[in-house]
Structure formats: structure tokens, C-alpha cells
Amino acid sequence: MFQTFLGSVHTHGGTVGISGGGARTQSRRASGKVSPADIDSAVHRYAPPAPHARALSELRDNHVIALYGAAGLGKRTSAINLLHTVAGGPLVTLSPADPLDWLAERDYTEGAGYLACGLVSSGEQTELADFTLGEIARRVQEAGAYLVLTVVTPLTDTRSGTIPHIGWSHPAHRDVLLAHGVDPAQVTAATQEIASAHDLGDVVRFAVQLAGGTSLEEARGGLDLTGRVMAWFEDDGRTGDEILEVTALLFMVGMPERRFEAHLARLKERTTPAEEPGTPEAPVVRDGVLAARRPRRDGDSLIKIEYLVTEMDVDVPGPPRRCLVFREYGHRRHVAAELCAQFDDRFWVPVFAWLLETVQTSGPETRLQIAAGLALLCGHDSFDAVREVFLQPWSAGEYGPRSWDTAIYVLWCMCVEDTTAPLALRTAIRWSRSGIALRRQAAAEAFCGELGVRYPAEALSQLWHLMGNGPPYGGREAVARLYATLVSGAARDARVVLDDLEMRLRQHPRPGSPQLLRTLNVALAVLSVRDETTGHPAAARHLLMPGTLLGPFAKVWSTAIVNRPARAAAFEALYDVLHAMSVLSPSPEEHLRPLAEALAASLPEHEHGLFRSEFERYVNRRRDPWSTGRLLLTILLSIFAPNSRPHPVESR
């Protein structure tokens, strides 16, 4: 299901998040150690806003500060720059799922910088909130660490002084252009094109285009999206049909025109005023609802036709079809914002009813686009409505399996945006603690996909928590699928799963203990799970990635080998991974030998002879028709020869 998500929801103008077309917006790992690449990305081309100097001074003096302000101001990027300046150690992003009082109880490392994004007020009285913040400040200061909190609204009265709260703002537009390498001779003219309505993302894209050689006139077209969409909605001549059309497209980007028209007709039926006496009057979108719709080819339209090969609501995939998309990159996000700002429940009640009905009869590609549209609404103060109308009943299975899938898609789509990703994480955690089995299972599915990519450590923790709930939840398979998902994205994130397994194996060393056997069952499922791209074990792909440490793999396999109930499965997983590495690598021995040496270093020496003889018998029983078996056996026998002395292997 996750591969379907990756392959479908980000096509032809349907990208989740800031995009309305073009390539996918990649979700970024949002907790754990901040990678050097992420730090470089934040520091490079940074334009400090006016409050930066004060924030830097307060952080140096107090070690803890809070940056507050609306979404889209670049608070996270600013926080990384502040911490990068003052902290001598690593930078760590804390989980947005952690409540504020947990920050007052956790340990901090001297010299390290900590970033807590998207915190929300706990609703405590000012005195209690001040006490909690004071405890956080005390622990951070005593540890010699640094912490930056980013919030939309202050966590307490800003005059209390417990933790300095600094209102954040956009950097000067001129500074953004210069930081991105725009020709200084062009900056003045370019600055005049930027209006106050443009968010920081719009300005950055504008700067990147200009710095890349795009003409001012051409770059202006992308910058004008916000104003263009606002002007389109504010046009007094705008008809109700046109508004319903862009509303429908918000949830059906890339759909073939004829199918779209059928869905649009059903939406119009739900918003047509009732004619029978005694029935409640249906909401009217706007005066002039009966006016003729402007042709889509009109230059004023937000919609255009593209010929696309699509599987959305088509019975037989075939040649390119006339499909509807938004006219410009980014229109989708701005349309969602305007619809949320301008229309109340009289508009949204029938729209939501139409979506509930549509999901019941639509295929996965259409449901993915509906989920993407709902995720965009969540970013514009509509999360409570989306949660109440869709996520809660869908996740409980009240509307059937298609709606259940779609609830998971919504959380995945929410993960692409910094503003909605914490909401998705908190929602999935609440599901994981539900008394409804289907909702717990929905949480597990969510953690195996994009939510796990965004928050790998939190996803892993929640999956182990869910494992104690029993059927219908398949815990070990879920952890394995999370690992495969992470391998398809980034090796450093996939290592989280191996490091966790290694830690758990060290915590339960007693052979035959139930805890050890349960951990080994999960570990062997992880080592055996197939990568959907290659069809080979995901572990093989991981082991071939540059910089992958071999210690965690060796620890898992050696522990399984010395525990007799798991030995047969360990041999099978080891052989399959080694075989896949020999197939996927042009120089297999270069990769196989270091892994064999790591395994020999991890396996107790008195087990070497037994392993050598039993694995040789296992390979011979496999009757491998290729030469792979002989190659594997030759390498292993040479490493596990009686006189060989393998070097210890770093596991951390």
C-alpha cells in the first residue's frame, strides 16, 4: 500500500504540500539527530530576520528560548541556525509527541543543541506552565545544553520571563534574494515584485529561479500565485459552478475529464437549493450560482487540461487522456487556503458528504488524491473538522475497508508538511491506544509508511508498544515493513531499526527467554522482508549502501544462530541476504567478506566450528543452481577457518 502511495499521490499536479504540480515534495525526518546534510541545507543561504540577533543573545545567556509566530515564517530553519552557532555538540530534534512536562524530566547532553518544533500549549494555568518551563530551563542549564522551542502561540505569559519568548517574523525580502545569490543589480526591481501576502516559501522559490537565470518576468509568474488565487476568489463575477469546480479538483487532481465531470455533477446535486417544502434549505455557494461556467481554456481559469496516462477512475489503462490539473504549480495549496478562509459549514457539510460517498466507490488512486486534499485542509485550521468527520469513523472501520485505507493515506499526506506532520503523529499515537482493534491496526499501518519515514524512532517505539495487543495486529511484520520503507529512503534512518534490535538483544541475553525469542522473531522478519523495488531482501540493499555499519547485523545474526529455536530461520535469512548481495553487487566478494568477518567477530569462538559445519550442510541442501552457494560457502569457510582471527567490528 505504501508503494502505491509513493507512486500515485505525487503525480501530475497532485503533489501534497506546497506543490500543485511537478515533483514530489520529500518528507524529511523530523526527530532524532539532525544530519550534517540537513544542517548544511538550513545554514546555507540563510537570511536572518530582525529578531535573530536578540534570539542569539538570549540563547547564549539563558540556554533556552521559544520562538513564536504563524506557520511559514521559517522558525525551524532559524532554530537550527541559532543552535548551530552556540552548541558545540550534535543537534537533536525532539519528538513533537512529547508533552511539555516530559521536557522537564528528560536528560540533556552537555554542549548539545535541542530543537522542539510544533509544541502546543497544554492548557495549564500560567503558574503551572511557568513552573514546567522553569524546570525545563533548569535541567538544560545544569547540563550545559541548549534548547529552542518553536510554537505558534506563546506557551505562557511572555512577560513572566521564565523562558524568553521571541516573536518571529519573515526576513527582509531583499536579504532573502541576496542570500540566494540573486544579482545585486536585479535585487531592487525583484524586491518590488514581492507583496506582503507572499509567504517565505514563495519568496525563496522566486529567489532560486532568479539566481538560476530565469528572467524577472518569467519568475514573477510563479510569485503571483497567492495574489492570483485570492483575486480569482474575490471576483464579484465568479460563479458558484466555478467555485465548485476548483473545490472538486482540490480532491481529484489528474482525473480524466469525463470522470471528473461525473463526480462534479454529484457535488452540484448536494449543493443545489432544495425545492420541496418543509426541507431545510441547502447551502448556496454564492450569488450567481446559475451563471454559465467559464470555459476551462479561458486564461482566467485556475484549471487546465493536460494529456496524461492515469489510472484514476479508469477501467482499462491506456493512452493519455484529457485530465484536469491546476494551471500553475502551487495553485492547489492556495485554493485550499481560500476555501477554508471564505466558506463556513453551510458550504463544507455537503462537500464532506460528497467526499464520504465518493470514497466508497473509488479506486486507490482517487482515494489518495482525496486524502491529499484533506491533508491540505488540515493545514488551514480545518484539522478538527477532518478528524471528526473522516479520520475517527474511517479509522474505526465504520465506512468499510476503502475508507479505512484512506484514513491512513491522510496521515501519510499530512507528513509532507512541517505544520501538519506533528498532528499526524499525535493522531496515530492516539489510535495506537484505542480500544478499537481496527483503529490500532490503522496506527500500525500508518507507522509503516510515510509517518515512519518522518518519525522513525517514534514509529518503532509505537509498533513495539502495539505488539503487546495481540491479534489482529501483526507486530513483527509491521516492524519489518517499516524497515523496508526506511531502506527505500535513507540508510541512516533504516539503521534506527537495527540499532533498536541490537539494544533489545543486549537487554535480554538469557538464551531461550520469551523476551529474547520474541525479539529474535522480529529481527529475523526484518532481515527477511523483501524490498519492493528489487524483490530481494531489504537488508541486502541496506548492506550495499555506503557507510553502513556491519556490527548491528552481525549481532542480530550471531544471537539468532546461538539460540537453537531460531537457528534454521537465521540460516535462511543469512543465505538469502548474501545471495541477494552477490546478485545486486558487481563485486560481491568485496561486500560479502567484510560481513562474514563481522559475523565471525560477533559469534562466540566456541560456536565457530558448529556454525561452519551446519551452515555448510544448509548450503548444500539448498542445491543452488547458480554458483552463488559455492562462493558464499568458500568465503565463509575461509573466515571461520580454525586459525583465523577476525577483528572486532564497530557496532556504533
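Here is what the cut-offs are and how they apply
Residues numbered from 1 in each chain as written. Predicted model: local features only at pLDDT ≥ 70, side-chain atom pairs only at ≥ 80, totals over all residues. Heavy atoms only, no water. Helix = DSSP H or I, 4+ residues; strand = E, 2+ residues; numbered from the N terminus. Buried < 20%, exposed > 50% of the residue type's maximum accessible area, 1.4 Å probe, protein only. Areas by Shrake-Rupley, 256 points an atom, 1.4 Å probe, with all protein chains shown as cover. Phe/Tyr/Trp six-rings, centres within 6.5 Å; stacked < 30°, edge-to-face > 60°. Contact = heavy atoms within 4.5 Å. Pairing = 2+ DSSP bridges. Axes fitted to C-alpha atoms, helices over the stretch in contact; angles between N-to-C directions. Salt bridge = Lys/Arg side-chain N within 4 Å of Asp/Glu carboxyl O. Core = buried A, V, L, I, M, F, W, Y, C linked by side-chain atoms within 4.5 Å.

(A) Looking closely at the overall build of the chain. Counting secondary structure elements, the chain contains 30 helices and eight strands. Scored against the burial criterion, the 652 residues of the chain give a buried share of 54%. For the chain, the exposed area adds up to about 28,100 Å²; of that, 51% sits on carbon and sulfur atoms.

(B) Broad picture of the packing of aromatic side chains. Enumeration over the complete set of coordinates arrives at 15 aromatic pairs. Aromatic pair Phe571 and Tyr618: ring centres 6.0 Å apart, planes at 50°, arrangement tilted. Taken together, the residues span a long stretch of sequence, with Phe571 in helix α27 (residues 564-584) and Tyr618 in helix α29 (residues 608-622) at a distance of 47 residues. Relative to Phe615, the ring of Phe611 lies with its centre 5.4 Å away and its plane at 20°, an arrangement referred to as stacked. Pair noted here: Phe611 and Phe615 are both in helix α29, with a separation of four residues, about one helical turn. When sorted by exposure, Phe611 lands in the same class as Phe615, which is buried.

(C) A look at the environment of Leu59. For Leu59, the location among the structural elements is in helix α3 (residues 52-62). Along the sequence, Leu59 and Leu82 sit 23 residues apart, while their C-alpha atoms lie 7.9 Å from each other. Those residues in contact with Leu59 that sit more than four places away from it in its chain are Val64, Ile65, Leu82, Leu83, Val86, Tyr146, Leu147 and Val148.

(D) Quick peek at the sheet that holds strand β3 (residues 91-94). One open sheet accounts for six strands, arranged β1-β3-β4-β5-β2-β6; its pairing is mixed. Two strands bound the open sheet, and with one partner strand each, they are β1 (32-33) and β6 (165-167). Note: strand β2 (residues 64-68) against β6, three bridges, orientation parallel. Bridge pairing links Tyr68 to Gly167 in β6. Contacting β2, β5 (146-151) and β6, α3 crosses the sheet at an angle of about 150° to β2.

(E) Structural detail: the pattern of salt bridges. What the rule picks out here adds up to 27 salt bridges. For Glu328, the salt bridge goes to Arg228, with nearest N and O atoms at 3.7 Å. On the criterion of sequence distance, the pair formed by Glu328 in the loop between β8 (321-326) and α14 (331-342) and Arg228 in helix α11 (residues 225-234) is long-range, its members being 100 residues apart. According to the relative accessible area criterion, Arg228 is partly exposed, its value standing at 30%. Each member of the salt-bridge network shares a partner with another, and the members are Arg564, Arg567, Glu607 and Glu614.

(F) Fine view of the nonpolar core. Ranked by size, the top nonpolar core spans 142 residues in total, and within it Phe251 and Tyr483 carry the most contacts. Per-element tally for this core: the top contributor is helix α16 (residues 364-395), with 14 residues. Membership of the second largest hydrophobic core comes to 23 residues, among which are Ala55, Leu67, Leu83 and Ile166.

(G) Up close: the environment of Val359. Its location among the elements puts Val359 in helix α15 (residues 345-361). Given the relative accessible area of 0%, Val359 is considered buried. Placed 45 residues apart in sequence, Val359 and Trp404 show a C-alpha to C-alpha distance of 10.0 Å. When near neighbours in sequence (up to four residues on either side) are disregarded, Val359 contacts Arg367, Ile370, Trp394, Arg402, Ser403 and Thr406.

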